[in-house]
Amino acid sequence: MSAKSRKIVEVLNGKTVSPPPVWLMRQAGRHLPEYRATRAEAGSFLDLCYSPALATEVTLQPIRRYGFDAAILFSDILVIPDALKRNVRFEEGHGPRLDPIDADGIFALKGDDVQNHLQPVMDAVGRIRDALPHETALLGFCGAPWTVATYMIAGQGTPDQAPARLFAYKEPRAFAQLLDVLSDLSADYLVAQIDAGADAVQIFDSWAGVLGEKEFADYAVRPVRRIIDSVKSRRPHAKVIAFAKGAGLLLKTYRQETGADAIGLDWSVPLSFAADLQKDGPVQGNLDPMRVVAGGAALDDGIDAILQALGNGPLIFNLGHGITPQADPANVMRLVARVRGENR
C-alpha cells in the first residue's frame, strides 16, 4: 500500500474522508501504563527521546492499543535547544529547565553539530516506519521557533511567556536572530524526518496565543513560513500541519500566510469559525481534552458536534491540545469507536 492511500495523507491532499482519520496529540504518554513502564526503564526523559529502540516502543504503544490512523514520533520540542547545548533537563513536577539565553548567547549560537546530535531521532523515525502497519501514517514534528524561543529565554515555561515578550521588545535584533536560527535548524530537522520515513510533519506553536496581532505576524507567522518554504523548496511533496494554539481570529489567514497544508485548531475555536477555515483546506482538531477525562455524554456530545460541523470536509479528528495524564484509556477507546461510527 502506498503512502498516498494513508487516510491522513489523503486529507492533507484536500480530500474528504469518511469517517475522518483520527490521532491524538500526546497519544504516547503518561495516560498509558505501558508508557509509564517504558519511561521508568529509560531513566531520564531525554534518554527516552534519544533511544531509538525505546522511542520506537512508546510511539507504537498507542497504535497497538487504539489503532489510530497515525503515529507521531515520540520526542520533544526542546531537542533543538538541547542540541544547541542549552543544558536542557526535565525536572519531575517542574517540567523543562534550560540555561536562560541572553543576546550575546544568541549571537554566539552555533548549529554545526545539531543534525548529528539528532541522528538518534532519525534512527527512531526509520524504525517506527518499518514497524508500523502499512495503512498507518507517521507524523514527524518540531516546535515552532516562537514557542521554543520562549523556553530558551526564560529557562522554563511561564504563564504568559512575559520574559520572551519583554526580551523581544528590548532586544529586537537578537530576538529576530534567534527566530531565524531556530527556523533554519527546524527546517533541516523536518526534512531529515521526512527523508527518514515521516509521511507528514506538524509544527507546534503552543504559545502563539499570548501574542498580539503584530507580534503574531512577526514571531509566529514569519518563522513558520520560513520553515515551510525551506522544507517545500527541498521536498516539494512534503505535507505540513501548523498548530498555533490560542491564535483565535488570527487563524483566519494563518494557512495562507504560512503555506501550511492543514491547520490545527485548539478547543476554543468555535465550530462555525472552524467550518469557515475548512473552506480553504484541511483542518485538524479540536475536541477539548477535558471531555476525554470526563467521558460519557460529555465525550460523545463533543465528538458528535465536531463531526456534524466539519465531517463533510477535509478533517483530521484530534484533540484541541494534548491528551492529559488523567485520561482513562477506556475513554480514548470510546472516542476512536465513536469517530469511526462504531458505537452510535
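The notes below deal with the structure included here. Because the structure is predicted, anything quoted here is derived from the model rather than measured. (Residues numbered from 1 in each chain as written. Predicted model: local features only at pLDDT ≥ 70, side-chain atom pairs only at ≥ 80, totals over all residues. Heavy atoms only, no water.)

1. Here's the deal with unusual backbone geometry
Point 1. Across the junction of Ser18 and Pro19, the peptide omega takes the value -5°, indicating a cis bond.
Point 2. Inspection of the secondary structure puts Pro19 in the loop between α1 (7-12) and α2 (33-42).
Point 3. Cis rather than trans, the peptide bond between Gly285 and Asn286 has omega equal to -20°.
Point 4. In this structure, Arg26 is a non-glycine residue whose phi angle is positive, near 60°.
Point 5. By the secondary structure assignment, Arg26 is in the loop between α1 and α2.
Point 6. Accessibility expressed as a relative area gives 52% for Arg26, which makes it exposed.
Point 7. Even without being glycine, Gln161 reaches a positive phi, approximately 55°.
Point 8. Note on placement: Gln161 falls in the loop between α9 (145-154) and α10 (162-170).
Point 9. For Gln161, a relative accessible area of 0% gives the class buried. (Helix = DSSP H or I, 4+ residues; strand = E, 2+ residues; numbered from the N terminus. Buried < 20%, exposed > 50% of the residue type's maximum accessible area, 1.4 Å probe, protein only.)

2. Some words on α9
Counting along an α-helix, one turn takes 3.6 residues, and residues three or four places apart therefore face a common direction.
Point 1. Buried residues dominate α9, accounting for ten of its ten residues.
Point 2. Pro145, Trp146, Thr147, Val148, Ala149, Thr150, Tyr151, Met152, Ile153 and Ala154 are the residues of α9 that are buried.
Point 3. A positive backbone phi angle near 80° is found at Gly155, which sits one or two residues after α9.

3. Concerning the sheet that holds strand β8 (residues 283-287)
Point 1. Read from one edge of the open sheet, seven strands run β1-β4-β5-β6-β7-β8-β9, paired in parallel fashion. Single-partner strands in this sheet number two, and they are β1 (70-72) and β9 (315-319). The sheet shows a mean angle of 25° between the axes of neighbouring strands, taken without regard to direction.
Point 2. Here β8 pairs with β9 via five bridges, running parallel. Each residue of the ladder has a partner; that of Val283, found in β9, is Leu315. (Pairing = 2+ DSSP bridges. Axes fitted to C-alpha atoms, helices over the stretch in contact; angles between N-to-C directions.)

4. Observations regarding the pattern of salt bridges
Point 1. Counted under the stated rule, the structure contains 21 salt bridges.
Point 2. Residues Asp261 and Lys232 are paired through a salt bridge, measuring 2.9 Å at the closest nitrogen-oxygen approach. Residue Asp261 is found in the loop between α13 (254-258) and β7 (262-264), and its partner Lys232 is found in helix α12 (residues 213-234); the two are separated by 29 residues along the sequence.
Point 3. You can call Asp261 buried: its relative accessible area is 15%.
Point 4. Between Asp276 and Lys279 there is a salt bridge; the shortest N-O distance is 3.2 Å.
Point 5. A relative accessible area of 42% places Asp276 in the partly exposed class. (Salt bridge = Lys/Arg side-chain N within 4 Å of Asp/Glu carboxyl O.)

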